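Below, each chain spelled out in residue letters.
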Amino acid sequence: MKLEDKLSTVVKQMKPSGIRKFFDVAKQIEDVISLGVGEPDFDTPWHIREAGIYSIEQGHTHYTENAGLLELRKQICDYYKRRYDLEYQAETDCLVTIGGSEALDNCFRALLNPGDEVIVATPCFVSYEPTVHMAGGVVKYLPLQHQDEFKITPEGLKACITDKTKLLMINFPGNPTGGTMSKEDYTKLVPIIKEHEIIVISDEIYSELIYEGEHASLAHFPEIKDQVLIVNGFSKAFAMTGWRLGYLLGPSTILQAVIKIHQFAIMSAPTTAQYAAIEALKNGQKNVDAMRLAYKARRNLIVDGFNKMGLPTHLPKGAFYIFPDIRPTGLTSDEFCERLIKEQRVACVPGTAFGEAGTGFIRVSYASSLEEIKEALSRIATFVEPFNLTSTK
Ligand SMILES: Cc1ncc(COP(=O)(O)O)c(C=O)c1O
């Protein structure tokens, strides 16, 4: 018997994450500067860690309600009202999940029937495509363009709609491009989403990391608010990736269906992390603001550095990634990243790891110290020198 034959066809066809591949290479080379992974370099602020520790000391070592501690759900709803002026009911419209990752997976599983189409704005976070496939859905790619600052245009959206379209998967501020959508940008999409009765999954995990302007959400439009599911979490804003905590906000009819899956697959999100998250929402805004300021300084330095080298890079308004155009070197995204890590010990991720639309680009994370970024820029400048590029600054 070949055990491989026992694996599900969907899983056999799944490609390993292009990010992990480079991360693993980076770990084997000494003195590598990794601008490859998408997680804050900051540790979780102390008062949040202490709240987690204290909860254990108090004996909060049991399951919580399936949907998460009511106190946490209330804090999440208060936070969304306070920060983004959006109202949700803690009792019915909120589910605490294992990271935004679980929320995304559960949404696809709760909403998709075999053959339903999901429009995915791409280049995009690596989990969207495989989790849509696992839920039996079909991905329709909506390519985002450098010249549009990686925003969705109404024409682009319309071109992807068919009579099988059920969901639209978006992520602003976006991984890997740092692209954002303003309220005006969304205004043009709203009539299309309404007319075609599309459910939107809005991954807002980087909503706190916006450097110019304000965070906008399709849920801000009352005429389609009930069609929007918001995915968010604590990983990026509060530097809590390892705690594995996120949440889903949306209309109760869909939320209650998602909770059924969560109930049987997960039971409840980690209890210690839930107590820490209450503290994060109550008293962590100052930490978020300080981290945002630090990221902004890094972003300015790194975007400037890439443009000076002759690798055109748009100034992203959010998240902690830049998405430089490496086509002037004549190398493919893969060749660029493979040679860069071997020749100059700097790890970045090929744009193609985030979908075909990332061809000719690389993703560079600036969730690293200013010193590391400066050293990485100097190494990358040495790497691109032989290509005689023209500075775009
Ligand atoms: C766009 C996007 N969504 C979701 C996630 C998953 O985050 P979490 O740690 O909350 O599962 C990530 C993590 O990198 C991400 O970049």
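Procedures and definitions
All residue numbers here refer to positions counted from 1 along the written sequence of the relevant chain. Only residues with pLDDT of at least 70 get local features here, since the model is predicted, and only at 80 or more are side-chain atom pairs given and counted; chain-wide, interface and lining totals rely on the full set of residues. The side-chain figures draw on all heavy atoms in the structure; neither hydrogens nor water molecules are used. Put simply, DSSP H or I for four residues or longer makes a helix, DSSP E for two residues or longer makes a strand, and each gets a number counted from the N terminus. Each residue is assigned to one of three classes by its accessible area relative to the maximum for its type, calculated with a 1.4 Å probe on protein chains only: buried under 20%, partly exposed between the two thresholds, exposed over 50%. The Shrake-Rupley method, run with a 1.4 Å probe, gives the accessible areas here. Residue values count only the displayed protein chains as cover. Working convention for charge: Lys and Arg count positive, Asp and Glu count negative, and His plus the chain ends are omitted. Each charge is placed at NZ for Lys, CZ for Arg, CG for Asp and CD for Glu. UniProt positions are given in the numbering used here, feature names are shortened, and annotations may be inferred rather than shown by experiment. Between any two strands, pairing holds if DSSP finds at least two bridges. To be near a molecule or strand, a residue needs just one of its heavy atoms within 4 Å of it. Think of a polar contact as two N or O atoms within 3.5 Å of one another; within protein, one of them needs to be a possible hydrogen donor and the other a possible acceptor, and neighboring residues in sequence only count if both atoms come from side chains. For this classification, the nonpolar set comprises Ala, Val, Leu, Ile, Met, Phe, Trp, Tyr, Cys and Pro, the charged set comprises Asp, Glu, Lys and Arg, and every other residue, Gly included, is treated as polar. Under this scheme, a helix contributes an axis fitted over its contacting stretch, all axes are lines through C-alpha atoms, and angles between N-to-C directions fall in the 0 to 180 degree range. Here, two residues are considered to be in contact whenever any of their heavy atoms come within 4.5 Å of each other.

Novice: Mind showing me how you'd approach the overall build of the protein chain here?
Specialist: Looking only at helices and strands, the protein chain features 14 helices and twelve strands. Principal-axis analysis of the C-alpha atoms places the extent of the protein chain at approximately 60 × 60 × 55 Å. Within the span of the protein chain, comprising 393 residues, buried residues form 55% of the whole. Summed over its atoms, the accessible surface of the protein chain is roughly 17100 Å², and 52% of this surface lies on carbon and sulfur atoms. Computing the positive centroid from 42 side-chain charges and the negative centroid from 50, the protein chain places the two 1 Å apart.

Novice: Whenever I open this one, the UniProt feature "domain: Aminotransferase class I/classII large" (unreviewed entry) in the protein chain confuses me. Can you help?
Specialist: Under the UniProt annotation, the feature "domain: Aminotransferase class I/classII large" (unreviewed entry) is placed at residues 31-380. Measuring from the first to the last C-alpha atom of residues 31-380 gives 14 Å, for a span that is 40% helix and 14% strand.

Novice: Please clarify how the sheet that holds strand E11 (residues 349-350) should be interpreted in this entry.
Specialist: One key point about sheets: their strands pair by backbone hydrogen bonds, in either a parallel or an antiparallel sense. Reading across the sheet, the three strands line up as E9-E12-E11 and stay open at both edges, with antiparallel pairing between neighbours. Pairing within the sheet leaves two strands with one partner each, and these edge strands are strand E9 (321-322) and E11. Of the pairings in the sheet, the one linking E11 to strand E12 (residues 362-365) comprises two bridges and is antiparallel in character. When the bridges of E12 are listed, Val349 appears paired with Arg363.

Novice: Looking at this structure, how should I read the site of the ligand?
Specialist: Around the ligand, a shell composed of 13 residues is seen, among which Gly100, Ser101, Asp203, Ser235 and Lys236 lie nearest. Contacts to the ligand include Asn175, whose side-chain N or O atom sits 2.8 Å from an oxygen atom. Coverage of the ligand by the protein amounts to 93% of the 400 Å² it exposes when considered alone. No other element matches the three residues that helix H5 (residues 99-111) contributes to the shell around the ligand. Considering only residue class, the shell around the ligand consists of four nonpolar, six polar and three charged.

Novice: What am I meant to see in the pairing of strand E2 (residues 94-97) here?
Specialist: Within a regular strand, the side chains alternate between the two sheet faces. Judged by which residues are buried, E2 turns out to be covered on both faces: Cys94 and Val96 on one side and Leu95 and Thr97 on the other are all buried. As paired strands, E2 and strand E8 (residues 246-249) are joined by four bridges and run antiparallel to one another. Bridging from a neighbouring strand, Cys94 pairs with Leu249 of E8.

Novice: Would you mind going over the sheet that holds E8 with me for this structure?
Specialist: The strand order across the open sheet built from seven strands is E2-E8-E7-E6-E5-E3-E4, with neighbouring strands paired in mixed fashion. One side of each edge strand has no neighbouring strand; the edge strands of this open sheet are E2 and strand E4 (138-143). Pairwise comparison of adjacent strand axes, ignoring direction, gives a mean angle of 20 degrees for this sheet. Pairing of strand E3 (residues 117-122) with E4 involves six bridges; the strand directions are parallel. Bridge pairing in E4 places Val120 opposite Tyr141. Contacting E2, strand E6 (199-203), strand E7 (228-233) and E8, helix H10 (residues 252-265) runs over the sheet at an angle of about 30 degrees to E2.

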